[in-house]
Amino acid sequence: MRVVIAEDSALLRDGLAQLLQLRGVEVAAAVGDADALLAAVAEHRPDAAVVDIRLPPTQTDEGLRAAVRLRADHPGTGVLIFSQYVETKYAAQLLGTNPGGVGYLLKERVVDIGEFVDALERVAAGGTALDPEVVAQLFGASRRASALDALTPREREVLALMAEGRTNHAVATSFGVSERAVEKHIANIFTKLGLLPSDTGNRRVLAVLRYLETAG
């Protein structure tokens, strides 16, 4: 897997690059601002980019805007937002540009480089990887009626874990039920959200997108 890192803190940027390389991940470039990120992705065509939301010069949303543009110009490149802030509109905006291939992890909660690499691989493969805290805030942000209202409490819990990138086996283990029971819940979710087998794209990713689109 080949990645590009965009992080303004030189210490964190270099440290993350070294840790990823020790795990067999090729770091094609590690840059400190949005313009350099876009240039590096165009040059190296990585499988994924790790992007901090707040980059120079204003330290506000440069990383977000670069990530959205990156998704539009290079849809095959996954984007993993790596931030110390939970910005619900940022995640919704990113997922709204192209379902799948998006992750959002909080720096302070990543304590295992192995889990980070696993999340990065899911994003590079077109899946999702969202921190539970991000998911919780996205879930609580919606105040509008939506198709999600038809879901049972357990189906909402299953969908929340799907948004975190959990496999059916992991969801089953979390609830102490069989994988068959989880598969039934997921089938019900697809039906209630109107996601038919013939739908273009991965229904699992599309379900997560519907979930996040309810964020205000």
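Numbers given for residues are sequential positions, taken from 1 along each chain in its written order. Local features in a predicted model are, by the rule used here, given only for residues with pLDDT of at least 70; side-chain atom pairs are given and counted only at 80 or more, and totals for whole chains, interfaces and linings are based on all residues. Side-chain metrics in this entry use all non-hydrogen atoms of the structure; hydrogen atoms and water are not considered.

What counts as a helix is a DSSP run of H or I of at least four residues, what counts as a strand is a run of E of at least two, and both are numbered from the N terminus. Check the secondary structure of the protein and you find 10 helices and 6 strands. Each of the 216 residues in the protein was classed as buried or not, and the buried ones make up 47%. Every residue pair with non-hydrogen atoms within 4.5 Å of one another is taken to be in contact. Counting only contacts in the protein whose residues sit at least 6 apart along the sequence, the fraction spanning at least 24 positions is 67%. Under the convention used here, a 1.4 Å probe and the Shrake-Rupley method define accessible areas, while residue burial counts only the protein chains that appear. Of the accessible surface of the protein, which amounts to about 10100 Å², a share of 49% is contributed by carbon and sulfur atoms. Buried, partly exposed and exposed residues are distinguished by accessible area as a fraction of the type maximum, computed with a 1.4 Å probe on protein chains only: under 20%, between the cut-offs, and over 50%, respectively.

In the sections that follow, a salt bridge refers to a side-chain nitrogen of Lys or Arg positioned within 4 Å of a carboxyl oxygen of Asp or Glu. If you walk through the whole model with that rule in mind, you get 10 salt bridges. Linking glutamate 26 and arginine 2 is a salt bridge whose minimum nitrogen-to-oxygen distance equals 3.5 Å. Pair noted here: glutamate 26 is in strand β2 (residues 26–31) and arginine 2 is in strand β1 (residues 2–6), with a separation of 24 residues, a long-range link. The salt bridge partner of arginine 166 is glutamate 164, with a shortest N-O separation of 3.2 Å. Linked through salt bridges whose partners overlap, the residues forming this network are Glu7, Asp52 and Lys107.

This part covers the sheet that holds strand β4 (residues 78–83). Across the sheet, which stays open at both edges, the 6 strands sit in the order β2-β1-β3-β4-β5-β6 with parallel pairing between neighbours. Single-partner strands in this sheet number two, and they are β2 and β6 (128–130). On average, adjacent strands in this sheet sit at an angle of 20° to one another, irrespective of strand direction. Pairing between β1 and strand β3 (residues 48–51): 4 bridges, direction parallel. Pairing between two strands requires that DSSP report at least two bridges joining them. Lines fitted to C-alpha atoms define the axes, with helix axes restricted to the stretch in contact, and inter-axis angles between N-to-C directions lie between 0 and 180 degrees.

What follows deals with the pairing of β4. β4 sits mainly inside the fold: 6 of its 6 residues count as buried. Judged by which residues are buried, β4 turns out to be covered on both faces: Gly78, Leu80 and Phe82 on one side and Val79, Ile81 and Ser83 on the other are all buried. Pairing of β3 with β4, which is carried by 4 bridges, proceeds in the parallel orientation. Across the sheet, valine 50 pairs through a bridge with leucine 80, a residue of β4. The parallel pair β3 and β4, bridged by helix α3 (residues 62–73), forms a crossover whose chirality is right-handed. The pairing of β4 with strand β5 (residues 102–106) spans 5 bridges and is classified as parallel. Note on handedness: a crossover is taken as right-handed if, strands pointing away from the viewer, the path from the first strand over the helix to the second is clockwise.

Another point: a negative patch on the surface. Patch membership requires more than 30% relative accessible area and the absence of a salt bridge. Residues of like charge join within 9 Å; the nonpolar side chains Val, Leu, Ile, Met, Phe, Trp and Tyr join within 5 Å. Neither His nor the chain termini are counted; the positive set is Lys and Arg, and the negative set is Asp and Glu. Every charge is mapped to an atom, namely NZ of Lys, CZ of Arg, CG of Asp or CD of Glu. Side chains of Asp112, Glu115, Asp118 and Glu121 sit close together on the surface and give a patch of like negative charge. When you line up the elements, aspartate 112 lands in the loop between β5 and α5 (113–124). Residue aspartate 112 is classed as partly exposed on the basis of its relative accessible area, which comes to 34%.

UniProt positions are given in the numbering used here, feature names are shortened, and annotations may be inferred rather than shown by experiment. The sites that carry the UniProt feature "modified residue: 4-aspartylphosphate" (unreviewed entry) are, in the present numbering, Asp52. Relative to the helices and strands, aspartate 52 resides in the loop between β3 and α3. Those residues in contact with aspartate 52, other than ones at most four positions away along the chain, are Ala6, Glu7, Asp8, Gly63, Phe82, Ser83 and Lys107.

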